[in-house]
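# Understanding the architecture of this molecule
Listed below are the residues making up each chain.
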Amino acid sequence: MSSYYLTVVHGLLPEGYSFILNLDKDLLIEIGFQLFNTIFLCLFLGYILYKPVKNFLQARKDRIAGDLKSSREAKQEAETVLKEYKTKLAEIAEERTAILEKAREEAAANRAIIIEEANKEATELKERAKLQIERDKEEAQDEIRLQIIQVSTLIASRFVKESLNESAQNKIVENVIKDLGDVKWQS
């Protein structure tokens, strides 16, 4: 069997065997014709389809390049917007801090004003209370004086009515004092 393959490879065939591929003239013409048709068909299709395929590929390449460019532009725009937002957020944070600081200062000023007003009011209340106490004290002294005058008048009227001697007068004074009760004399 191995000698058979050797003879086929070298082109030597034993008698009675014919080789499957005979390289005769007709076969070579047919191969040439097929080769010519294939080349012609490739050139013809290349000529007909080259520009549309080239245009399609170029359009696709341009579309992809445009998409990449627009995505880069969108990315740059997004980064710009992000920077603007970060800047605005920083400004807002600074403004918030300033507003809070101003509010604290105003609150401290208001607190100082309120404390000052409360102190003034307390001082005024103390002064009013002192004045009221002085008035009440004077009124009490006036009442005591009136009572003393009334008692003196009462005693004098009894003295005059009775024109009595000294022991009778002492007795009358004691009765008047008993009538007045537990009146305390304040100065």
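Throughout what follows, the structure given in this document is the object of discussion. (Residues numbered from 1 in each chain as written. Predicted model: local features only at pLDDT ≥ 70, side-chain atom pairs only at ≥ 80, totals over all residues. Heavy atoms only, no water.)

### Quick look at the overall build of the protein
- The helix and strand inventory of the protein stands at three helices and zero strands.
- Helices (α) and strands (β) of the protein occur, in sequence order from the N terminus, as α-α-α.
- Across the 187 residues that make up the protein, the buried fraction comes to 3%.
- Of the roughly 17,200 Å² of accessible surface on the protein, a fraction of 60% belongs to carbon and sulfur atoms. (Helix = DSSP H or I, 4+ residues; strand = E, 2+ residues; numbered from the N terminus. Buried < 20%, exposed > 50% of the residue type's maximum accessible area, 1.4 Å probe, protein only. Areas by Shrake-Rupley, 256 points an atom, 1.4 Å probe, with all protein chains shown as cover.)

### Quick word on a negative patch on the surface
- Taken together, the side chains of Glu134, Asp136, Glu138, Glu139 and Glu143 make up a negatively charged region of the molecular surface.
- With respect to the helices, strands and loops of the structure, glutamate 139 is situated in helix 2 (residues 25-162).
- Since its relative accessible area comes to 47%, glutamate 139 is described here as partly exposed. (Patch = residues over 30% accessible without salt bridge, like charges linked within 9 Å, V, L, I, M, F, W, Y side chains within 5 Å. Salt bridge = Lys/Arg side-chain N within 4 Å of Asp/Glu carboxyl O. Lys, Arg positive; Asp, Glu negative; His and termini not counted. Charge placed at Lys NZ, Arg CZ, Asp CG, Glu CD.)

### Some details on the packing of aromatic side chains
- On inspection of all chains with the given rule, the structure shows two aromatic pairs.
- Considering the side-chain rings of phenylalanine 36 and phenylalanine 40, the 6.3 Å spacing of their centres and the 15° angle between planes classify their relative orientation as stacked. With a gap of four residues between them, phenylalanine 36 and phenylalanine 40 both fall in helix 2, about one helical turn apart.
- A residue is classified by how much of its surface remains accessible, and phenylalanine 36, at 52% relative accessible area, is exposed.
- An angle of 15° between the planes, with centres 6.1 Å apart, marks the rings of phenylalanine 40 and phenylalanine 44 as stacked. Residue phenylalanine 40 and its partner phenylalanine 44 are both found in helix 2; the two are separated by four residues, about one turn of the helix.
- Pairwise contacts between aromatic rings join Phe36, Phe40 and Phe44 into one cluster. (Phe/Tyr/Trp six-rings, centres within 6.5 Å; stacked < 30°, edge-to-face > 60°.)

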